[in-house]
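Structural characterization, general
Given next are the chains, with one letter for each unit.
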Amino acid sequence: MITGVVHYVIDPSKTEAFEEFARRWIELVGKHGGTHHGYFLPAEGASDAALALFSFPSLADYEIYRSRFGEAPEFLAADRIRDESGCVVRYERTFMRPLLPEDIQ
């Protein structure tokens, strides 16, 4: 399994748009073979930081999902929310390999 960790800097005045953007991506990941673990939004402290976690069975499976970016209408519509609202200032994506409780013997 591979887990994507996305660190976002968001515009705090556009949190509602970011939440709509997030809802769409949660749906898309689930629909296309992944498991979305959620978006984590500001509650206290820094008001411009958000985080997303999602997993795919393998990097190859993620690449199949990723190949739809910029082409499939549902992916383009999700990106339009971000682009038109300006809710995301920048983001950084990293892939990690989880060590889960069930992996400990």
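In case you missed it, the structure is sitting above this.
Residues numbered from 1 in each chain as written. Predicted model: local features only at pLDDT ≥ 70, side-chain atom pairs only at ≥ 80, totals over all residues. Heavy atoms only, no water.

According to the stated counting rule, one finds seven salt bridges in the structure shown. For Arg23, the salt bridge is made with Glu20, and the minimal N-O distance between the two is 3.8 Å. Of this pair, Arg23 and Glu20 are both found in helix α1 (residues 15-31), three residues apart, which corresponds to roughly one turn of the helix. Of the residues examined, Glu20 reaches a relative accessible area of 30% and is grouped as partly exposed. Salt bridges here are not isolated pairs; linked through shared partners, they connect Glu19, Glu20, Arg23 and Arg24. (Salt bridge = Lys/Arg side-chain N within 4 Å of Asp/Glu carboxyl O. Helix = DSSP H or I, 4+ residues; strand = E, 2+ residues; numbered from the N terminus. Buried < 20%, exposed > 50% of the residue type's maximum accessible area, 1.4 Å probe, protein only.)

In this structure, Tyr8, Phe18, Phe21, Trp25, Tyr39, Phe56 and Tyr65 are the most contacted members of the largest nonpolar core, which totals 23 residues. Listed by contribution, the elements that provide at least two residues to this core are β1 (2-10), α1, β3 (49-56), α2 (59-66) and α3 (73-85). Here this core takes six residues from α1, the largest share from any one element. Sequence-distant contacts of Tyr65, defined by excluding residues within four places in its chain, comprise Trp25, Leu28, Val29, His32, Phe56 and Phe75. (Core = buried A, V, L, I, M, F, W, Y, C linked by side-chain atoms within 4.5 Å. Contact = heavy atoms within 4.5 Å.)

Glancing now at the side chain of Arg82. With respect to the helices and strands, the residue Arg82 is situated in helix α3. Setting aside chain neighbours within four positions, we find Arg82 in contact with Phe21, Cys87 and Val88.

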